[in-house]
Amino acid sequence: MMAGELLASAVVKELLSKLGSGLWSEPGLLPNFKKELEDMKTTLHSIQAVLSDAQNRSLKEISVCLWLKRLKAAAYDIEDVLDQLHIHNQSKDAKVLNCFSSSKSFFSLDLPIMAHKLKGIKKRLEYIAAERSKYSLREDSITNPKEIIEGRTTFSAVNPDDVLGRGEEATEIINRLLSPSDALSIIPIVGIGGLGKTTLAKLIFNDDRIKKVFEPRIWIHAMDFKVGKLVEDILLSSGTENRNSLGNSESNMEKVQRILNGRRYLIVLDDVWNEDGQKWEDFKQVLQGGKGDSKIIVTTRSERVPLIMSAETPHKLQRLSDDACLKLFEQRALLTGAAKDNLVLIGERIVMKCQGVPLIAKALGGMLCFKSEEDAWKVVLDNELWDLKKEEVGHSSENEVISSLKLSYQYMPSALKLCFVYCSLYPKAFELDKDMLIQQWIAQRFIQKQHVGDDYVNYLLAISFLEETGVKYYKMHDLVYDLARSVAGDEVSVLDGRVSTITNATECLYASMIQYHQPSKLQKDLPRKVTLWIVRRLMPATKPCCETSSLQVQIILVYWKRSSSILQNNLL
């Protein structure tokens with residue numbers, strides 16, 4: 001299955017929304033231009049009726065998946081034309097023109113040529129619509145649940161309820177931490193993604209018994225296991241330094257040793273992947289000087305990491321019981337009262353399919369909280385994705401989790417699907433700035449209003465697709481990020497200027513460019529059709545764009561989709 005084609009229905013629905021918005025019906029447009037747009041809107045409506053069946057069948061039928069791929073490509077081409085028209089209309093605003101160094105003629109649009117181009121796209125779309133009969137696609141006879149998300153209370157990043165069923169394990173690990181020892185002790189917590197290793201570690205880290213004994217307590221996300229970066233993270237986590245005051249590697253190591261000297265410290269190394277024993281030995285040298293009964297907690301998915309880092313017995317996190325999973329599910333689904341009895345029975349059957357993975361139970365419970373119709377719950381229960389994960393993912397437990405999480409994605413409103421996948425532009429484990437993220441969504445015209453973005457963020461929190469890391473800062477669980485990248489397919493690329501770049505340039509529409517300092521390399525790596533987004537903190541050149549009005553940001557981002565020369569001429 002080409003997971004990227006799960007986006008097809010969202011792309012078509014958002015395109016229809018744009019076609020029906022009235023933005024493309026100005027008096028200045030040629031009559032045949034308007035007619036082509038109206039005809040395509042009618043064709044798209046007829047195609048939309050079979051998209052639900054097409055996407056379900058695309059899970060197993062490659063021919064249907066390829067049909068969706070052609071449909072999505074045509075929809076993007078139509079959207080490109082609308083974007084050019086939008087730029088043409090907005091270019092009348094002098095404020096927008098001032099954000100570019102180019103002349104007003106730069107925004108000129110040859111409407112007759114554009115109308116001819118649109119006519120060609122229309123023929124493609126009509127051919128794609130005619131192909132429906134070849135696949136015997138059914139029209140959807142079931143009314144889809146309303147695509148409205150109302151604001152709701154979000155969940156704390158360290159919510160004790162999130163570790164239901166882990167009480168005994170938390171106590172066991174706390175007792176191991178509190179037991180005195182003559183040397184630095186390392187306690188690995190091992191398990192597949194989605195079981196709650198990080199959540200359990202956070203609960204232990206914030207336990208009052210731990211706070212009384214260990215000082216300092218330091219939390220580090222250690223996926224990038226480089227000694228220099230780990231040392232910097234210790235200084236930042238301890239609160240003794242900020243980014244601007246960090247020195248060179250040697251001076252930073254000396255600062256860390258002064259902080260730890262003679263003290264009983266606790267360090268959590270979260271999400272460790274490093275299996276290089278030498279790197280671990282180098283890092284341990286930095287930690288010398290603390291009291292002998294200092295402790296380190298390591299969370300990892302790798303069975304090899306504990307063998308390299310510690311001689312102690314790792315704590316292997318097991319799948320939750322169905323009862324504990326059901327409680328998590330019911331908390332997120334807000335199942336209370338006799339009126340919910342039928343939903344409870346369906347929920348129990350859904351939870352049995354979660355196979356003891358709390359991330360799945362929380363994601364589905366949070367999603368179904370917004371759906372009160374019994375039929376909507378039955379659709380989730382009977383979804384073919386449950387069977388697909390058993391048939392196709394083999395023995396990979398984490399692929400099973402990702403496959404199950406696709407259920408929560410599948411029932412998102414179409415605009416939110418696009419917003420969610422857009423998050424895969426950020427590097428893995430990146431802290432998302434809520435306000436900037438919402439402005440990006442608005443700039444891409446996935447949404448129109450700030451309050452809609454607020455509701456979408458709250459929804460993603462409710463289904464555990466985002467977790468809080470600070471005030472208005474969030475990140476994705478690794479498996480959720482993998483899901484977003486899987487759904488995006490080749491349309492999204494995260495490109496690093498420090499390494500060789502390999503991407504499907506013909507498919508890529510969105511790219512984040514990290515550590516690009518040479519315009520020639522950026523120009524070489526930039527895919528032709530891309531809408532460019534750059535990680536701000538690593539590329540200060542984007543700062544002027546981010547501080548302009550939302551309208552200016554919108555025009556800049558949309559035009560980057562047209563040509564990378566604008567980027568080179570005006571921003572670099």
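This text goes with the structure placed above it.
Residues numbered from 1 in each chain as written. Predicted model: local features only at pLDDT ≥ 70, side-chain atom pairs only at ≥ 80, totals over all residues. Heavy atoms only, no water.

### Focus on the state of the cysteines
In total, this model carries zero disulfides according to the counting rule given. With no disulfide of its own, Cys325 lies closest to Cys354 among cysteine sulfurs, the gap being 5.9 Å. (Disulfide = S-S within 2.5 Å.)

### Digging into the nonpolar core
Of all hydrophobic cores here, the largest spans 123 residues; its most connected members are Trp67, Phe420 and Trp441. Ranked by residues supplied to this core, first place goes to helix H4 (residues 62-90) with 11 residues. Membership of the second largest hydrophobic core comes to 26 residues, among which are Ile267, Phe283, Val298 and Val305. (Core = buried A, V, L, I, M, F, W, Y, C linked by side-chain atoms within 4.5 Å. Buried < 20%, exposed > 50% of the residue type's maximum accessible area, 1.4 Å probe, protein only. Helix = DSSP H or I, 4+ residues; strand = E, 2+ residues; numbered from the N terminus.)

### Remarks on unusual backbone geometry
Geometrically, the link from Glu215 to Pro216 is a cis peptide bond, its omega value of 10° lying close to zero. Within the fold, Pro216 resides in the loop between helix H10 (208-213) and strand S2 (217-221). At Asp271, a residue that is not glycine, the phi angle is positive and equals roughly 65°. Within the secondary structure, Asp271 is located in the loop between strand S3 (266-270) and helix H13 (277-286). According to the relative accessible area criterion, Asp271 is buried, its value standing at 9%. Its identity is not glycine, yet Ala429 carries a phi of approximately 70°, on the positive side. Its location among the elements puts Ala429 in the loop between helix H21 (414-422) and strand S6 (432-433).

### Here's the deal with the packing of helix H15 (residues 322-333) against helix H16 (residues 341-352)
Direction vectors running N to C along H15 and H16 enclose 125°, while the axes themselves pass 9 Å from each other. Judged on the interaxial angle alone, H16 and H15 are oblique. When the axes of H15 and H16 are compared, the crossing they make is right-handed. The residues of H16 that touch H15, namely those facing Asp322, Cys325, Leu326, Phe329 and Glu330, are Val344, Gly347, Glu348, Ile350, Val351 and Met352. Residues belonging to the contact of H15 with H16 are distributed by class as follows: seven nonpolar, one polar and three charged. (Axes fitted to C-alpha atoms, helices over the stretch in contact; angles between N-to-C directions. Parallel < 35°, antiparallel > 145°, perpendicular 65-115°, else oblique. Left-handed = near helix turned anticlockwise from the far one by under 90°. Contact = heavy atoms within 4.5 Å. Nonpolar A, V, L, I, M, F, W, Y, C, P; charged D, E, K, R; others polar.)

### Quick notes on helix H23 (residues 450-462)
For H23, with 13 residues, the first-to-last C-alpha span of 18 Å sits near the 18 Å given by 1.5 Å per residue. Listing the buried residues of H23 in full gives Gly453, Asp455, Tyr456, Val457, Asn458, Tyr459, Leu460, Leu461 and Ala462. Buried residues along H23 sit in contact with H15, helix H17 (358-368), H21, helix H22 (434-443), strand S7 (467-470) and strand S8 (473-475). (Expected span 1.5 Å × (residues − 1).)

### Concerning the packing of aromatic side chains
With the rule as written, the count across this model stands at 11 aromatic pairs. Summarising the aromatic geometry, the rings of Trp280 and Phe283 are spaced 5.9 Å apart at their centres and angled 45° between planes, so their arrangement reads as tilted. Within this pair, Trp280 and its partner Phe283 are both found in helix H13, separated by three residues, close to a single helical turn. Exposure class is identical for Trp280 and Phe283. Each is buried. Note on Phe420 and Phe465: the rings are 5.1 Å apart at their centroids and 40° apart in plane angle, and the pair reads as tilted. Of this pair, Phe420 sits in helix H21 while Phe465 is found in the loop between H23 and S7, placing the two residues 45 residues apart along the sequence. Using a relative accessible area of 0% as the deciding quantity, one classes Phe420 as buried. We classify Phe465 as buried; its relative accessible area is 0%. An aromatic cluster of three or more residues is present, and its members are Phe225, Trp280 and Phe283. Between Lys417 and the ring centre of Tyr409, over which it is positioned, the NZ or CZ distance is 5.5 Å. (Phe/Tyr/Trp six-rings, centres within 6.5 Å; stacked < 30°, edge-to-face > 60°. Lys NZ or Arg CZ within 6 Å of the ring centre and 35° of its normal.)

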